[in-house]
Amino acid sequence: MTRTTSIAAVLSARIAAACVDGPFTLADGQVLDSYFDEFRLAGDPQLLHDVAKAMHALVPAGAEVLAGVELGGIPLVVALSAVTGLPGAFLRRLPKRYGSQQQIEGTQVEGRRVVLIDDVVRTGGQLLSMAHVLRAAGGHVSDALCILERPLGGRVLLDEHSISLGSLLYENDLPASAGAAS
Ligand SMILES: O=P(O)(O)OC[C@H]1O[C@H](OP(=O)(O)OP(=O)(O)O)[C@H](O)[C@@H]1O
Ligand SMILES: O=C(O)c1cc(=O)[nH]c(=O)[nH]1
């Protein structure tokens, strides 16, 4: 059994409990009958901690900053920072319109090796967009991590932009009803 497979075997049943009935409309208008609700996972402190401990094994050597994507990546990056001791950055989808006016909050990313963190990867579009933001700010981005990867092209898209994706679970680790394409 590979490391990721053993993690999936231990955690997948507990994570599957965070898969709920829809309908759930995605940003692109697509409607899922059921979906993985990361906020149920993040609202369970023991499960969030156990997921972060499992993800620790996927953090690449040399990582200097963990950067979570609004909103699903934020509780995850906080938990993973606490487990790894690595500083966290928090990525807004758009710059704040008042106050700090920042898109990247938290620790500085310039000149540092930054690992992107999100809950779900589907097309990879969200992570790629955030990688562009980090790179424009001088961060070095060559890795991303997620809890759940769906086979919708995200891995390939990210690879085309020199970003390696590490996933705790793959869609087929979850019950067939949990948002898989029918
Ligand atoms: O790989 P992609 O096709 O880009 O899809 C994945 C993205 O979509 C989800 O965000 P969502 O829009 O549900 O926002 P939320 O995290 O604020 O709930 C998820 O958290 C990822 O950021
Ligand atoms: O594929 C999912 O389950 C999923 C997609 C998404 O955008 N948001 C979410 O919470 N789950």
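- You'll find the chain entered in an unreviewed UniProt entry as Orotate phosphoribosyltransferase, with Streptomyces blastmyceticus given as the organism.
- Under the UniProt heading Sequence similarities (unreviewed entry), the entry covering the chain gives this text: "Belongs to the purine/pyrimidine phosphoribosyltransferase family. PyrE subfamily."

**Let's talk about the layout of surface pockets**
Part 1 of the reasoning: Its boundaries defined by the atoms lining it, the largest pocket holds a volume of some 760 Å³.
Part 2 of the reasoning: Taken together, 29 residues line the largest pocket, and the ones lying closest to its centre are Phe24, Leu26, Arg93, Val120 and Arg122.
Part 3 of the reasoning: Of all elements in the fold, only β1 (19–25), β2 (31–36), α2 (38–42), β6 (113–121) and α5 (125–136) reach the threshold of two or more residues within the lining of the largest pocket.
Part 4 of the reasoning: Element by element, the count of residues in the lining of the largest pocket is highest for β6, at four residues.

**Overview of the pattern of salt bridges**
Part 1 of the reasoning: This model, assessed by the stated rule, comprises seven salt bridges.
Part 2 of the reasoning: The closest approach of N and O atoms between Asp37 and Arg40, which form a salt bridge, is 3.6 Å.
Part 3 of the reasoning: Owing to a relative accessible area of 12%, Asp37 belongs among the buried residues under this scheme.
Part 4 of the reasoning: For the salt bridge of Arg155 with Glu149, the shortest nitrogen-to-oxygen distance reads 2.7 Å.
Part 5 of the reasoning: Judged by its relative accessible area of 9%, Glu149 falls in the buried class.
Part 6 of the reasoning: Each of Arg14, Asp50 and Lys53 takes part in one network of salt bridges that share partners.

**Describing the side chain of Ser167**
Part 1 of the reasoning: Position of Ser167 relative to the elements: it lies in strand β8 (residues 164–170).
Part 2 of the reasoning: Only 2.5 Å separates the side chain of Ser167 from the side chain of Glu149, close enough to count as a polar contact.

**Here's the deal with the pairing of strand β3 (residues 65–69)**
Part 1 of the reasoning: Of all five residues that make up β3, five are buried, and the element is covered over most of its length.
Part 2 of the reasoning: Here β3 shows two buried faces, one formed by Val65, Ala67 and Val69 and the other by Leu66 and Gly68.
Part 3 of the reasoning: Pairing geometry for β3 and strand β4 (residues 88–91), over four bridges, is parallel. Across the sheet, the residue bridging to Gly68 is Phe90, located in β4.
Part 4 of the reasoning: Considered for its hand, the β-α-β crossover made up of β3, helix α4 (residues 73–84) and β4 is right-handed.

**Examining the site of ligand 2**
Part 1 of the reasoning: In the vicinity of ligand 2, the residues found are Phe24, Leu26, Leu32, Tyr35, Phe36, Val120, Arg122 and Arg150.
Part 2 of the reasoning: At a separation of 2.6 Å, an oxygen atom of ligand 2 approaches a polar side-chain atom of Arg122.
Part 3 of the reasoning: Between Arg150 and ligand 2, the recorded distance is 2.6 Å, taken from a side-chain N or O atom to an oxygen atom.
Part 4 of the reasoning: When ligand 2 is considered free in solution it has 290 Å² of accessible area, and contact with the protein chains removes 83% of it.
Part 5 of the reasoning: A molecule is said to occupy a pocket when more than half its atoms come within 2 Å of that pocket's grid points, and by this definition ligand 2 occupies the largest pocket.
Part 6 of the reasoning: Taken together, the residues of the shell around ligand 2 sort by class into six nonpolar, no polar and two charged.

**Here's the deal with the packing of helix α3 (residues 45–56) against α4**
Part 1 of the reasoning: In contact at an axis separation of 9 Å, α3 and α4 are set at 65 degrees when each is read in the N-to-C sense. Crossing angle aside, the handedness with which α3 passes α4 is right-handed. Taken together, the residues of α4 that come into contact with α3 (itself represented by Leu48, His49, Val51, Ala52, Lys53, Met55 and His56) are Pro75, Leu76, Ala79, Leu80, Val83 and Thr84.
Part 2 of the reasoning: Its residues placed into classes, the contact of α3 with α4 shows nine nonpolar, three polar and one charged.

**Thoughts on the nonpolar core**
Part 1 of the reasoning: Formed by 30 residues in total, the largest nonpolar core has its most connected members in Ile15, Leu41, Val51, Ile147 and Leu168.
Part 2 of the reasoning: Those elements that place two or more of their residues in this core are α1 (3–16), α3, α4, β6, β7 (140–149) and β8.
Part 3 of the reasoning: Look past the residues within four positions of Ile15 in its chain and what remains in contact with it is Phe36, Leu41, Leu47, Val51, Ile147, Leu168, Leu169 and Leu174.
Part 4 of the reasoning: Judged by nonpolar contacts, the second largest core, of 21 residues, contains Ala67, Met130, Val141 and Ala144.

Conventions and cut-offs
- Residues numbered from 1 in each chain as written.
- Chains lettered and ligands numbered in written order.
- Predicted model: local features only at pLDDT ≥ 70, side-chain atom pairs only at ≥ 80, totals over all residues.
- Heavy atoms only, no water.
- UniProt positions renumbered as here; feature names shortened; annotations may be inferred.
- 1 Å grid on protein atoms, 1.4 Å probe; cavity = no way out; pocket = protein on both sides within 12 Å on 5 of 7 lines; lining within 4 Å.
- Points joined across faces, edges and corners; volume = space filled by probe spheres on them.
- Helix = DSSP H or I, 4+ residues; strand = E, 2+ residues; numbered from the N terminus.
- Salt bridge = Lys/Arg side-chain N within 4 Å of Asp/Glu carboxyl O.
- Buried < 20%, exposed > 50% of the residue type's maximum accessible area, 1.4 Å probe, protein only.
- Polar contact = N/O pair within 3.5 Å; in protein donor to acceptor, adjacent residues only side chain to side chain.
- Pairing = 2+ DSSP bridges.
- Right-handed = clockwise from strand over helix to strand, strands pointing away.
- Near = heavy atom within 4 Å.
- Areas by Shrake-Rupley, 256 points an atom, 1.4 Å probe, with all protein chains shown as cover.
- Sits in = over half its atoms within 2 Å of the grid points.
- Nonpolar A, V, L, I, M, F, W, Y, C, P; charged D, E, K, R; others polar.
- Axes fitted to C-alpha atoms, helices over the stretch in contact; angles between N-to-C directions.
- Left-handed = near helix turned anticlockwise from the far one by under 90°.
- Contact = heavy atoms within 4.5 Å.
- Core = buried A, V, L, I, M, F, W, Y, C linked by side-chain atoms within 4.5 Å.

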